[in-house]
Each structure stands twice: as structure tokens, then as C-alpha cells.
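The residues making up each chain are set out below.
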Number of protein chains: 2
Amino acid sequence: MKFFTKLDACIKKNNSILCVGLDPDPALMPPNADILSFNKAIIDATADMVCAYKPNLAFYEAEGQRGWNILKQSINYIPKYIPVIADAKRGDIGNTSKAYARAIFEDLGADAITVNPYLGFDSIEPFTNGYPDKGVFILCRTSNKGAADFQSLSVTISGIEMPLYQAVAHKAKTWNSLNNIGLVVGATYPAEMARLRHAHPGVPFLVPGVGTQGGDIKQVLEAGQSASDHGIIINSSRQILYASRGMDFAKAAAHAAEALRQEINLYRLVS
Amino acid sequence: MKFFTKLDACIKKNNSILCVGLDPDPALMPPNADILSFNKAIIDATADMVCAYKPNLAFYEAEGQRGWNILKQSINYIPKYIPVIADAKRGDIGNTSKAYARAIFEDLGADAITVNPYLGFDSIEPFTNGYPDKGVFILCRTSNKGAADFQSLSVTISGIEMPLYQAVAHKAKTWNSLNNIGLVVGATYPAEMARLRHAHPGVPFLVPGVGTQGGDIKQVLEAGQSASDHGIIINSSRQILYASRGMDFAKAAAHAAEALRQEINLYRLVS
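Computed from a predicted model, the values in this text were never measured in an experiment. (Residues numbered from 1 in each chain as written. Chains lettered and ligands numbered in written order. Predicted model: local features only at pLDDT ≥ 70, side-chain atom pairs only at ≥ 80, totals over all residues. Heavy atoms only, no water.)

## As for the overall build of chain A
Thought 1: Helix and strand counts for chain A stand at twelve helices and ten strands.
Thought 2: Here the C-alpha atoms of chain A give a radius of gyration of 18 Å, agreeing with the 18 Å that 2.2 N^0.38 yields for 271 residues.
Thought 3: Taking the principal axes of its C-alpha atoms as reference, chain A extends roughly 60 × 45 × 35 Å.
Thought 4: Relative to its full complement of 271 residues, chain A shows a buried share of 65%.
Thought 5: Counting contacts in chain A only where the partners sit at least 6 residues apart, residues at least 24 apart contribute 73% of the total.
Thought 6: With an accessible surface of roughly 9600 Å², chain A has 53% of that area assigned to carbon and sulfur atoms.
Thought 7: Where the 26 positive side-chain charges of chain A centre and where its 25 negative ones centre are 2 Å apart. (Helix = DSSP H or I, 4+ residues; strand = E, 2+ residues; numbered from the N terminus. Rg over C-alpha atoms; globule rule 2.2 N^0.38 Å. Buried < 20%, exposed > 50% of the residue type's maximum accessible area, 1.4 Å probe, protein only. Contact = heavy atoms within 4.5 Å. Areas by Shrake-Rupley, 256 points an atom, 1.4 Å probe, with all protein chains shown as cover. Lys, Arg positive; Asp, Glu negative; His and termini not counted. Charge placed at Lys NZ, Arg CZ, Asp CG, Glu CD.)

## Focus on the relation of the copies chain B and chain A
Thought 1: You can overlay chain B on chain A at an RMSD of 0.0 Å; the transform is a turn of 180 degrees with a shift of 0.0 Å along its axis. Both copies are brought into coincidence by an operation consistent with a two-fold rotation axis. Using C-alpha coordinates, one finds that chain B approaches the rotation axis most closely at V155 of chain B, a distance of 2.8 Å.
Thought 2: Interface residue correspondence from chain B to chain A reaches 100%, placing this contact among same-surface, isologous pairings. (Least-squares fit on C-alpha atoms with pLDDT ≥ 70 in both.)

## Section: the packing of aromatic side chains
Thought 1: A complete count under the given rule lists 18 aromatic pairs over all chains for this structure.
Thought 2: A ring pair is formed by F3 of chain A and F4 of chain A, whose centres lie 4.9 Å apart and whose planes are at 70 degrees; its orientation type is edge-to-face. With respect to class, F3 of chain A is no different from F4 of chain A; both count as buried.
Thought 3: An aromatic cluster is present here, built from F3, F4 and F137 of chain A joined pairwise through their rings.
Thought 4: The ring of Y189 of chain B has R141 of chain B sitting right over it, with the charged end atom 3.8 Å from the ring centre.
Thought 5: The ring of F205 of chain B has R197 of chain B sitting right over it, with the charged end atom 3.9 Å from the ring centre. (Phe/Tyr/Trp six-rings, centres within 6.5 Å; stacked < 30°, edge-to-face > 60°. Lys NZ or Arg CZ within 6 Å of the ring centre and 35° of its normal.)

## Some thoughts on the sheet that holds strand β1 (residues 18-20) of chain A
Residues and elements named next belong to chain A.
Thought 1: Taken in spatial order, the eight strands of this open sheet run β2-β1-β10-β9-β8-β5-β4-β3, and their pairing is parallel. For this open sheet the edge positions go to β2 (52-53) and β3 (85-90), each flanked by a neighbour on one side alone.
Thought 2: By the bridge criterion, three bridges tie β1 to strand β10 (residues 232-236) in an arrangement that is parallel. Residue C19 lies in a different strand from β10, and its bridge partner there is N235. (Pairing = 2+ DSSP bridges.)

## Overview of the side chain of S123 of chain B
Residue and element names in this part refer to chain B.
Thought 1: Take S123: it is sitting in helix α6 (residues 121-128).
Thought 2: The buried category is assigned to S123, whose relative accessible area is 0%.
Thought 3: Discounting chain neighbours no more than four positions away, the residues touching S123 are D92, S97 and N116.

## Here we look at the confidence of the model for chain A
Thought 1: Predicted confidence across chain A gives a mean pLDDT of 95, with 99% of residues reaching 70 or more.
Thought 2: Interface scoring of the predicted complex returns ipTM 0.96; its pTM is 0.97. (pLDDT = per-residue confidence, 0-100.)

## Here we look at the pattern of salt bridges
Residue and element names in this part refer to chain A.
Thought 1: This structure, assessed with the given rule, holds 24 salt bridges over all chains.
Thought 2: Its salt-bridge partner being K54, residue D87 comes within 2.7 Å of it at the nearest N-O pair. Of this pair, D87 sits in strand β3 while K54 sits in the loop between β2 and α3 (57-61), placing them 33 residues apart in sequence. Each member of the pair D87 and K54 is classed as buried.
Thought 3: K89 serves as the salt-bridge partner of D87, at 2.9 Å between the closest nitrogen and oxygen. (Salt bridge = Lys/Arg side-chain N within 4 Å of Asp/Glu carboxyl O.)

## What to know about unusual backbone geometry
All names here are of chain A.
Thought 1: One non-glycine residue with positive phi stands out, namely N32, at about 70 degrees.
Thought 2: Position of N32 relative to the elements: it lies in the loop between β1 and α2 (35-46).
Thought 3: Classification of N32 by relative accessible area gives exposed; the value is 82%.

## Some details on the state of the cysteines
Residue and element names in this part refer to chain B.
Thought 1: Tallied over the full model, the rule gives zero disulfides over all chains.
Thought 2: C51 takes part in no disulfide bond, and the closest cysteine sulfur to it belongs to C19, at a distance of 5.7 Å.
Thought 3: Cysteine C140 is unpaired, with the sulfur of C19 as its nearest cysteine sulfur at 18 Å.
Thought 4: The class of C140 is buried, set by a relative accessible area of 0%. (Disulfide = S-S within 2.5 Å.)

## Structural notes on the sheet that holds strand β5 (residues 135-141) of chain B
All names here are of chain B.
Thought 1: The parallel open sheet is built from eight strands, whose spatial order is β2-β1-β10-β9-β8-β5-β4-β3. Pairing within the sheet leaves two strands with one partner each, and these edge strands are β2 (52-54) and β3 (85-90). Mean inter-strand twist for the sheet, computed between neighbouring axes without regard to direction, equals 30 degrees.
Thought 2: Of the strands in this sheet, β9 (205-207) and β10 (232-236) touch helix α10 (residues 217-224), which is tilted by about 155 degrees from β10. (Axes fitted to C-alpha atoms, helices over the stretch in contact; angles between N-to-C directions.)

## Focus on the pairing of strand β1 (residues 18-21) of chain B
Thought 1: On β1 of chain B, burial covers both faces: L18 and V20 of chain B on one face and C19 and G21 of chain B on the other are all buried.
Thought 2: Note on the crossover from β1 of chain B through helix α2 (residues 35-46) of chain B to β2 of chain B: the handedness is right-handed. (Right-handed = clockwise from strand over helix to strand, strands pointing away.)

## Structural notes on the interface of chain B and chain A
Thought 1: Listed as interface residues are 55 residues of chain B and, on the opposing side, 55 residues of chain A.
Thought 2: Carbon and sulfur atoms make up 58% of the surface buried where chain B meets chain A, a total of about 4800 Å² over both sides.
Thought 3: For the pair chain B and chain A, the interface holds six salt bridges.
Thought 4: The shortest N-O distance in the salt bridge between D149 of chain A and K171 of chain B comes to 3.9 Å.
Thought 5: Linking chain B to chain A there are 25 residue pairs in polar contact (both at pLDDT 80 or more).
Thought 6: When residues in the side of chain B that touches chain A are grouped by element, the largest group, seven residues, is from helix α5 (residues 94-107) of chain B. (Buried area = accessible area lost by both parts, 1.4 Å probe. Polar contact = N/O pair within 3.5 Å; in protein donor to acceptor, adjacent residues only side chain to side chain.)

## Remarks on the packing of α2 of chain A against helix α12 (residues 249-266) of chain A
When two helices pack together, their arrangement is given by the angle between their axes and by how far apart the axes lie.
All names here are of chain A.
Thought 1: It is the contact of α2 with α12, at a shortest axis distance of 9 Å, that shows an interaxial angle of 40 degrees. When the axes of α2 and α12 are compared, the pair comes out oblique. Note on packing geometry: the crossing formed by α2 with α12 is right-handed. Here F38, A41, I42, A45 and T46 of α2 come into contact with α12, specifically with F249, A250, A253, A254 and A257.
Thought 2: For the contact of α2 with α12, a count of residues per class yields nine nonpolar, one polar and no charged. (Parallel < 35°, antiparallel > 145°, perpendicular 65-115°, else oblique. Left-handed = near helix turned anticlockwise from the far one by under 90°. Nonpolar A, V, L, I, M, F, W, Y, C, P; charged D, E, K, R; others polar.)

## Digging into the environment of I240 of chain B
All names here are of chain B.
Thought 1: With respect to the element layout, I240 can be found in helix α11 (residues 238-241).
Thought 2: By relative accessible area, which is 0% here, I240 ends up buried.
Thought 3: Excluding anything up to four places from it in sequence, I240 contacts L18, V20, T46, A253, A256, A257 and L260.

See the structure below:
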């Protein structure tokens, strides 16, 4: 099944465009919790409220050699109808990107990946064209403060002046012959998101940066929605995972996820 | 010890600016060779001819859960005076980059890392300022064909028009208060390398793209050398690792590395 078809089905089933970031940080988790049990409890508590899970690979690599296995077991534990987006932000020359694609799509079994566009199309093609049924979210306008360092610089593409992040969106459109590409657009820059949506009515947005990073749900939905179910999915990690550091962390995560889903749905154009 | 001090010492000891890329690809290795034994044989055969080793993490991730451990054991096997550059091309928002830095510098024990600049300074700071004794090579002008998609776009920084890769070099200079930053500049673009060297006489270059990718040694040295020992280091992976697919692969790798070191040294300004 194509990634965006699977995502649509989960959005409908759970009436949710909330993606939960599975970013286990021992410094924020309940004391002495082990990561796999923590992830399983979060998944059990939130599986009927999400459209996807998004584990960021950094938090598993930080665990050393156990990390990959914890990640693989966590992905394996997620109900099969819920898509998994590996937040890896990879990008390398062709034969190396192929190795990353094999690792993330075949070994881990993720449904989609985030990639970095700086190396250009031949670094992204092994993911998009190499795996037509998988999804690929290209970093476009990221949610962090430093995003402006390069992404806001003005460039000229096809005779039109635009910021670099718009150029990335523009190129991504030309690379999307298999309809498996989306963009990462941070919640913290709603004005930029609105301009991207205006220029690209159909492209799916994966939106990090609400909650801890400060993005506003109403602003994000107004800026980024489209006519499509999967036009925008909103990720939250810390706000849900660490709603409590006590033994009630899973229950607190469920409450936080449900509150966020409801807040998002207030502003959603449901098809 | 600071990374570039360690690199200088190894350059002097081995009279070499050749870095060997430890990128084990089972499709190219001798049939039935296991990766750790392969790496150990390559290290034994080349340790007195290199200034550094550069494992690309993709090839270890492609091995799944065994991969991290193979990489860690390979790094641990490298003689302690030889610096190890983890070719990871990472870059994420601050708290996530911190997790990557911990993984690569603390768990793996690498001496340096490659990072992607697209997310800006706050994605790089956890590596540079978080670990002052480690080295950080920022992707600037990569060796692949797609590099031009974004890296060649013209931008304006401080009132001066320049290609994006020059803007990355320009910003990197302002971020280098701890003298632990270098740039990745592909051998396949000697004209761009020469312009970078002209604009930034002191910055160290890590140069992939000779051998299989087609970069020319003489052109690279003429374009990229500086007055400093560590002004330029040249990476080769496939040309050395896969000089033979037979049982004599290690001997063939030693011959290939020695030939490449000698060719490089023909054009080197030795201090």
C-alpha cells in the first residue's frame, strides 16, 4: 500500500492528524524506566488517537548498541495500520543513501523517512524512487531558531526570487513523480507555512514544533491545511511523552494526546 | 587533545594526508567475509599510510542491530594515535543534535563528525561547542552530481553575492571560535574548491570524491592546499577497500593506499 493511502486510512480511523514523536530521553522519563517498556506503554495509551508515530533516531543511537534493537522492537510493537515515520534527516551521496534506505525501510520496517535536501536530488532519489510505496518528507522550513541561517536566504529558481526553503519545495514538486513526497514545515513559522501552502496547495506537510517549541495549533491549521486528509499532520513529542514523570506517565500521555487531538480537530476542515 | 592537533601529529608520523573510508559494502567485499574481520584486515594493512579513518555510518546501519557494535569495535581496533571521523552527516534541532553528539563522540568514541548545515547554527553548536576537543566537518560543496541543485544557488550574505556553499563556508568561519571546524569539499569540483580556498585560506578541507567518483589528485591539491599540515585531507574508500575481491584484498588495499599516498605526496607542499 502507498504510504499516503495508509496515512489517510489511519487519519480516518482515529479521526486524528496528530503524530506522536517517540523520542525517549532518559533525563525526562520516569526514573529507572526502560525505554522499550516506556515506548510500549506510550503506544498502548495513544494508539487510538494518532495518525502516525515518529521516532527520532538520535534518541536510539544515544543508547549505543542496544538502541537499534529497541527502536526495531518499538516499531514492531506499533499496530500495523498506524504508519511509522523514521525521523532520520538522512542525506548522502547515492550509494550511501541506498544503504540508509535499506536500513530504515527494510531492516527497521518504517513506512516513511525524513531527509535533508542539501545534497540535492541524487541523495533523495534512492528513498523516493527506490521505494515507491514508502513516504519521504524533505526538510523544508525547520522549526528551530537557526533555520533562518540558510533556509531564509533569497535565491532565484526558474527566474523567480524566493527563499531557499521555497526553492526546496519547488524542486521537491518536480521530483514527486511517484506521489510519495511531503515536506517538513515547522509550526513555529506560520507565515512561511502559509506562503508554502499558497504556492503548493497539494503537498503534504509534516509539522513539528507545537508544544514545547511554542507553535500555535490554531495558527498552524489556518496556515497549513489543504483539501486533502493528509495535507497536514502535526507532531508532538515532549508535551505528550513527558506529561508526567510519575508512575502515571502513560495515563498522563493519553490525556495530553486526547486534549491535543481535540484542540487540533476544532480547527480542522474534516473532509 | 584538540582534534586538529591529533590530526597534525598523525599526518607527520605517517607522512600522509590520505584518509581511508571504512565503508564496508557486502556486495563489494570478498564473498563471505564478515565486516569486522574485513575492517580489521584493512586497518592492519593501511594504518601506517593514513592520517585518519572515516567510517560512513550508513554502511553499519544497513547491517541492522549488529551494525552499531561492529562500528564501535572497528573504531576501538584503530590505533589510538589515528583520528576517526564519523561520516554521519547529522543535523537536527538542538536537543536532538545533543543526542547524536553523545552517541557519536561518547558511545562510539569518534574524534570528529561530518554534519549537514541546512538547519543552521543551533543544529551544529551541540557538536562544536558541546565538545571543544572534537572536530566537526560541515558539508559545504559535496562531491555528487546533485550538489548543484541547491549548493550552487546564488545568495547574498553581508551584502556580497555568492553561491550557497560559499555562504556555508562564510558562516562556518563565524562559528569557529573554538578552532574545531572544517569543511567537506568534493574533489569533483576543483574550481569551486579553489574559490573556497581563496576566500578561506585557513580552513581545513575534508575531500571525498577521488577514485571511483572521478576527482583528480593533482587538480585537488593545486586547488585546495594551504600552508597548514591539516589544510586538506583526501578520502578514498572504494578504490582502496575493493582493490581486490579475492583473499588478497588486504594486500591489494595496502598497495592501493600506498600508491595513492605517493601520488598525493608528489603534489603536496610539505611543511
